[in-house]
Amino acid sequence: NVSPEQDGLPSIETATSSDPVKQRRAEIARRRSFGIIAHPDAGKTTLTEKILLYSGRIEEAGAVRGRKTQRAARSDWMKMEQERGISVTATCLCFDYDGYRLNLLDTPGHQDFSEDTYRTLNAVDTAVMVVDAVNGIESQTIKLFKICAERKIPIITFVNKMDRPGGDPLRVLTDIENVLGIDAIPVNWPIGTGRDFNGLVDRLANEVIKFSPVLRGAHEVPVERAAMDDAANCPFPPEIMDHVRDEVSLLEGAGVPFQNELFLKGNQTPVFFGSALTNFGVEQFLQGFVRLAPPPSPRMSDQGLIDPTNPNFTGLVFKIQANLDPRHHDRVAFVRVCSGRFERDMEVTISRTGERLRIPRSHQLFAAERETVDEAYPGDVIGIVNPGKLRLGDTICGGKPLQYRGRWEYAPERFVRLRCADTSKRKQFTRGVTQLIEEGAVQLLSDGGTTLHEPTLGAVGELQFDVVQFRLASEYNAQTTVDRLPFQMGRWIETPNFDVDKYTLPSGSRVMYDQTGAPLLLFADDWSMDYFLRRHPDVKLSEHRPEV
Ligand code: GDP
């Protein structure tokens, strides 16, 4: 009962119209911009690779390989980034499938880069949730799911690793419903599990699909299809079909029907089954994905909702990354186009400062190579070489300036004091730290006094500090050391006029202030925070900076 066409999803018009307005609308309608959320090891990298294989972007699986030496030594992750080809931090893969233009925004699975992932989710229209069929919903998936739910991002689920013994499709559905609290609607249903997994029931078309394995899943797998009731052409023996029919009729009896509206609000998730390793189900997932995932939708700004078809170019800076090209030490600001049409050599206004910025070079990124783009439409991501004027969360506009809403700061959970022993490098050090803080790589905290001399920094993940040290050394020639501070938890204080002297803080806790002067409570651990909250039920703490 999933039938996207009846649910008013835009059909793709041909994008060759001579009318520029029509052309722009057609381009927007065929865009699907998404990110993948998953617990490490669920198969995000493998699925990405297979999506690229099926969309013809790579000829043989294995090309993206190497990216994934993830748990290797931390200090050389930057080097690894180049070796892996595709960056560990957010970039965008752009490719076509079946007439659609897909933009896959890379969301680092490593939990030390959670902040990057959280922020990237400001720029996607859909999230694909990859779940391990055996392990079910895991901790990092829950965290990322919450971010999507908060922002009402529709979620499409791919239950991966159906080829592993012990995977139980019903249990995964129940897990999604119980742990995440949303309805899971299977779009297809696996035939066989573990080693016997070799087919799917396409519940939309009421067909069965049988896969034949291909060595290492390096190429597309051959499929046979037949209508559910076409016994003569059925690729499965009758005893298997009897079982499959039983399972499917059970689903039909017990399940909630799919409703596009509920999916778009994030209350239902359509579920696809498969194995990224063997490619079984990848194509069926892609076909379903492009039809279900919404095109770019209106976005909230300080001037109200802005429709993507609005002729004025607007874009949102959701990620700033340095050193993609080590020879140039450049910084790239990743911009999601939100409305209008981007053209090369365009001049834009940075809404926050009112400054004008000409964009002579912009790039679309695929693996390590860069392609210059001449035009981009809503849903696309462009990389702009950033002269240091752009910050995370900035809106750039071709016409009248406006500012998009979004969440860019997350409560830090790791804290360090940064030092630069070489006094002759003080100036570079201060300049570098100021720049990195402005970009949003880390947050500067203070206890009221001057801070840039030996700044206290906060971040969600430890690796962000490695990034800071690496960049200070490579871009500003300032060698630094860090002292870890004994806090594992930072929370903003939502209670108005909070007077710290009226409260007893647990030992090992303290108050600090962020760049805007908002107070944060730093605790040694979760336990200490819970203890404080139990003693002071009137105090409200938040993972987000309170709006001023
Ligand atoms: P990521 O951390 O989510 O990016 O996970 P990867 O794609 O790197 O996969 C983690 C491990 O699971 C690798 O060893 C993969 O080969 C393996 N893997 C990925 N997909 C499947 C699958 O469908 N079936 C099986 N059996 N293993 C898989």
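Residues numbered from 1 in each chain as written. Predicted model: local features only at pLDDT ≥ 70, side-chain atom pairs only at ≥ 80, totals over all residues.

(A) Looking closely at the site of the ligand. The full set close to the ligand counts 17 residues, and G43, K44, T45, T46 and L277 are the nearest of them. Counting residues per element, the shell around the ligand draws most heavily on helix α2 (residues 44–54), at 3 residues. Looking at side-chain class alone, the shell around the ligand contains 5 nonpolar, 6 polar and 6 charged residues. (Near = placed C-beta within 6 Å. Helix = DSSP H or I, 4+ residues; strand = E, 2+ residues; numbered from the N terminus. Nonpolar A, V, L, I, M, F, W, Y, C, P; charged D, E, K, R; others polar.)

(B) Seen up close, the packing of helix α10 (residues 426–439) against helix α11 (residues 463–476). Running from N to C, α10 and α11 point in directions that differ by 130°, and their axes come no closer than 10 Å. With respect to α11, the element α10 is oriented oblique. Pair α10 / α11 crosses with right-handed handedness. Of α11, the residues touching α10 (which contributes Q428, F429, R431, G432 and L436) are V468, R471, L472, E475 and Y476. Among the residues forming the contact of α10 with α11, the class breakdown is 5 nonpolar, 2 polar and 3 charged. (Axes fitted to C-alpha atoms, helices over the stretch in contact; angles between N-to-C directions. Parallel < 35°, antiparallel > 145°, perpendicular 65-115°, else oblique. Left-handed = near helix turned anticlockwise from the far one by under 90°. Contact = placed C-beta atoms within 7 Å.)

(C) The pairing of strand β26 (residues 456–459), seen in detail. Here 4 bridges tie strand β24 (residues 414–419) to β26, and the two strands are oriented antiparallel to one another. In the sheet register, R417 faces β26, and the bridge partner there is T456. Of the strand pairs in this sheet, strand β25 (residues 443–445) and β26 are connected by 3 bridges, and their pairing is antiparallel. For L444, the partnering residue across the bridge sits in β26 and is L457. (Pairing = 2+ DSSP bridges.)

(D) Spotlight on the sheet that holds strand β7 (residues 188–191). A sheet is described by the order of its strands in space; here 4 strands give the open sequence β7-β8-β9-β10, paired in antiparallel fashion. The open sheet terminates on both sides in strands that have one partner only, identified here as β7 and β10 (223–227). Averaged over all adjacent pairs, the angle separating strand axes in this sheet is 20°, with direction ignored. Pairing of β7 with strand β8 (residues 199–202) involves 4 bridges; the strand directions are antiparallel. The residue bridging N188 from the neighbouring strand is D202, located in β8. Relative to β7, helix α7 (residues 238–254) is tilted by about 150°, and along the sheet it contacts β7 and β8.

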